[in-house]
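Each chain, written out:
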Amino acid sequence: MLEVKNVTKNYGGLRAVDGVSFRLEKGEALGLLGPNAAGKTTLMRIMAGYLPADDGSVLLDGMDIAESPVAVKRRLGYLPEIPPLYNDMTVKSYLLFAAEIKGVPRQSRASRADEVMERTGVADVAGRLIRNISKGYRQRVGLAQAMIHNPDVLILDEPTVGLDPNQIIEIRNLIKELSETNTILLSSHILTEVSATCDRVVILNEGRVAAVDTQEGLARRLRGGDALTVEVAGAKPGEAAQAFLSIDGVDGVEPAPEVAPGSERFTVSCRAGFDARGPIFHKAAASGWTLLELSRDSISLEDVFIKLTADEEASSDE
Amino acid sequence: MSNAYYIFKKDVKSLFMSPLAYVVMAVFFCVSSFLLVAGMEEASMRGAFGLIATMLIFIMPFLTMRSFAEEFASGTDELLMTSPVTSGQLVAGKFMAVMALAGAIIALSGQYALIIGIYGDPDWGPALTGYAGLLLLSGALASLGVYCSSLTRSQPAAAVSAFGLALLLIVIRAAQSAVDALAASFTGSAAAEAVAKALSSVLETAGVLDHYFDFEKGVIDSTHVVYYVAFILLFLFFTARRLDSKRF
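Residues numbered from 1 in each chain as written. Chains lettered and ligands numbered in written order. Predicted model: local features only at pLDDT ≥ 70, side-chain atom pairs only at ≥ 80, totals over all residues.

### A short note on the overall build of chain B
Piece 1. Each helix and strand counted, chain B has 13 helices and zero strands in total.
Piece 2. In chain B, the succession of helices and strands from N to C terminus is α-α-α-α-α-α-α-α-α-α-α-α-α.
Piece 3. Taken over C-alpha atoms, the radius of gyration comes to 20 Å for chain B, in line with the 18 Å a tight globule of 248 residues would show.
Piece 4. Expressed along its principal axes, the backbone C-alpha trace of chain B runs to roughly 60 × 55 × 30 Å.
Piece 5. Across the 248 residues of chain B, 40% fall into the buried class. (Helix = DSSP H or I, 4+ residues; strand = E, 2+ residues; numbered from the N terminus. Rg over C-alpha atoms; globule rule 2.2 N^0.38 Å. Buried ≥ 20, exposed ≤ 12 C-beta atoms within 10 Å, placed from the backbone.)

### Some words on the interface of chain B and chain A
Piece 1. Listed by partner, the interface residues are 17 residues for chain B and 25 residues for chain A.
Piece 2. Secondary-structure elements contributing two or more residues to the side of chain B that touches chain A are α1 (2-17) and α5 (77-81) of chain B.
Piece 3. It is α1(B) that provides the largest number of residues to the side of chain B that touches chain A, a total of five residues.
Piece 4. Here the residues of the side of chain B that touches chain A are counted per class, giving seven nonpolar, seven polar and three charged. (Contact = placed C-beta atoms within 7 Å. Nonpolar A, V, L, I, M, F, W, Y, C, P; charged D, E, K, R; others polar.)

### Quick look at the nonpolar core
The tendency in soluble globular proteins is for nonpolar side chains to be buried side by side.
Piece 1. Core analysis: the largest hydrophobic core is formed by 132 residues, its most contacted members being Tyr94(A), Leu95(A), Ala144(A), Ile148(A), Ile155(A), Val98(B) and Ala140(B).
Piece 2. The dominant element in this core, judged by the number of residues it contributes, is helix α8 (residues 124-149) of chain B, at eleven residues.
Piece 3. In this view, Leu95(A) contacts Ala113(A), Val116(A), Met117(A), Ala144(A), Gln145(A) and Ile148(A); residues no more than four positions away in its chain are not counted.
Piece 4. The next biggest cluster of nonpolar side chains, apart from the first, holds 13 residues, and it includes Val232(A), Phe266(A), Ala276(A) and Ala284(A). (Core = buried A, V, L, I, M, F, W, Y, C linked by C-beta atoms within 7 Å.)

### Focus: the sheet that holds strand β3 (residues 29-33) of chain A
All names here are of chain A.
Piece 1. As summarised here, the arrangement of the six strands in space is β6-β7-β8-β3-β9-β10, forming an open sheet in which the pairing is mixed. The sheet is open, and its two borders are formed by β6 (76-79) and β10 (208-214), each paired with just one other strand. Recorded for the sheet is a direction-independent mean angle of 15° between the axes of neighbouring strands.
Piece 2. With six bridges joining them, strand β9 (residues 200-205) and β10 adopt antiparallel strand pairing. Note on β10: the bridge partner recorded for Leu-204 is Val-209. (Pairing = 2+ DSSP bridges. Axes fitted to C-alpha atoms, helices over the stretch in contact; angles between N-to-C directions.)

### Examining the confidence of the model for chain B
Piece 1. On average, residues of chain B score 88 in pLDDT, and 96% of them reach the 70 mark or higher.
Piece 2. In the model output, the complex is listed with pTM 0.83 alongside ipTM 0.87. (pLDDT = per-residue confidence, 0-100.)

### Structural notes on the packing of helix α3 (residues 46-64) of chain B against helix α9 (residues 155-171) of chain B
Residue and element names in this part refer to chain B.
Piece 1. Across the interface, α3 lies against α9 with an axial gap of 8 Å and an inter-helix angle of 145°. Remark: the crossing between α3 and α9 carries right-handed chirality. Within the contact between the two elements, α3 uses Ile-57, Pro-61, Phe-62 and Thr-64 and α9 uses Ala-159, Ala-162, Phe-163 and Ala-166. (Left-handed = near helix turned anticlockwise from the far one by under 90°.)

### Details of the sheet that holds strand β11 (residues 227-233) of chain A
Residues and elements named next belong to chain A.
Piece 1. Read across the open sheet, the four strands follow the order β12-β13-β11-β14; overall the sheet is antiparallel. One side of each edge strand has no neighbouring strand; the edge strands of this open sheet are β12 (250-256) and β14 (290-296). Strand-to-strand twist of the sheet, defined as the mean angle between neighbouring strand axes without regard to direction, takes the value 20°.
Piece 2. As paired elements, β11 and β14 share six bridges and run antiparallel to each other. Residue pairing for β14: Ala-233 is matched across the bridge by Thr-290.
Piece 3. Taken strand by strand, helix α10 (residues 277-287) contacts β11, β13 (263-270) and β14, and its axis lies near 175° from that of β14.

Okay, here's the thing in structure tokens:
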């Protein structure tokens with residue numbers, strides 16, 4: 001539905017976005033993941049028609065945003081990183097203004113404003129000046145603005161940044177709800193954020209696409225094996241490591257920095273898809289050792305990047 | 001064109017809701033009333049018009065400085081620029097909003113005409129053409145100011161540059177004598193002389209205030225009207241181009 005083709009953008013000598021291409025299919029929620037300064041905001045601004053690309057194009061159903069900006073923008077909803085709010089307006093009058101300039105027909109403006117206020121949960125502050133509402137409300141009013149003209153595609157730039165945990169959950173639920181009816185592109189630098197809401201993920205690093213995959217595919221590619229952290233007490237030196245290594249499915253046992261004298265810590269790596277937690281527990285119990293810690297190392301965004309960029313370097317060396 | 005109207009409506013509301021508009025109006029009327037009373041010699045609007053025109057040069061930059069600079073600074077331009085609104089509509093709406101405020105100030109200055117009418121018997125023809133001239137002059141200053149506002153996210157920078165450019169365009173004729181002197185020294189080269197002469201004639205007619213004085217006298221000369229309309233359209237065009245260069 002929305003296609004990004006070889007988009008490139010330079011800021012002076014700095015290449016912020018470098019030949020990025022991907023497709024957003026109708027009805028899907030796509031996560032744009034990357035560390036700060038990866039080019040997410042620049043790319044989204046280009047996709048929303050706020051910035052021109054130096055090279056490449058953004059197509060909505062084959063329509064180029066550079067050639068027919070008005071027609072494309074009519075079908076796009078965009079929430080910038082900082083919600084574009086007028087402090088001297090009330091929430092309701094702001095949404096009515098947004099409805100006007102986004103081409104909502106006169107007779108349905110008021111009902112659309114009421115509907116999006118209801119959905120984003122800002123109806124109770126409808127008459128308040130935007131200057132006086134909290135950050136969580138500001139973010140939601142920004143989202144309401146992006147939805148007001150019922151766009152086919154929603155582009156949301158870090159919609160939960162700066163919110164407290166409760167507000168994050170609320171916004172996430174709202175996005176999830178929206179993803180049932182709309183096509184959504186969402187950016188974030190937090191992996192769990194994207195996992196919670198998106199079907200597919202585009203990983204951006206230094207302005208380039210490092211990977212495009214589904215959640216599961218990405219997880220599979222990254223794992224190639226799970227890692228566990230194990231801490232035991234009461235075993236003779238070397239005994240525990242030997243015992244864990246003997247478990248079928250365990251590929252390696254590396255000593256990890258100790259936390260307390262008298263106990264040993266290991267990083268146990270396992271074959272993909274194999275859960276070694278059960279066997280390790282039984283092994284320890286059977287040998288009379290005390291299991292102080294047994295945890296699965298979660299994949300962090302840092303790991304994703306280290307892994308992906310390492311892969312990239314390796315493949316460019318070939 | 002309804003998009004331009006929505007932008008206009010939003011800007012007018014925010015202009016009239018801000019203290020800035022009222023401070024500007026207060027300053028405008030305090031200073032011009034004082035000067036008018038202090039300097040009044042006869043029951044005609046001539047003196048008043050000169051004062052209002054001079055005051056407009058000082059206050060218009062403050063009415064136009066917010067226009068785009070404030071949107072850039074607060075990030076709300078991201079809403080406007082990603083909405084299905086063309087740059088032309090955006091610029092038209094913003095310009096008309098400034099003109100609504102400038103028009104209100106000029107209309108309120110009608111009190112001077114009223115007072116002069118009560119105590120004397122002024123010639124009403126020049127009074128009417130004078131108001132037409134003021135509107136055109138304020139339009140030129142507004143389009144210049146809106147353009148300056150589209151160049152920066154800093155409102156003070158927008159105001160200072162608009163004021164500076166307006167001043168320059170008012171005194172630009174002063175350069176004519178220098179160019180004429182230069183032309184006289186080019187006796188050898190016909191081409192250089194022609195260029196200098198052309199430049200001299202441009203300088204002769206470029207002054208933004210020079211075209212105003214005939215209106216004050218009760219004369220409506222079409223060249224002056226064309227000058228102001230072209231001036232306004234040119235700077236609004238520059239502004240729209242400036243926005244387009246930032247986006248599609």
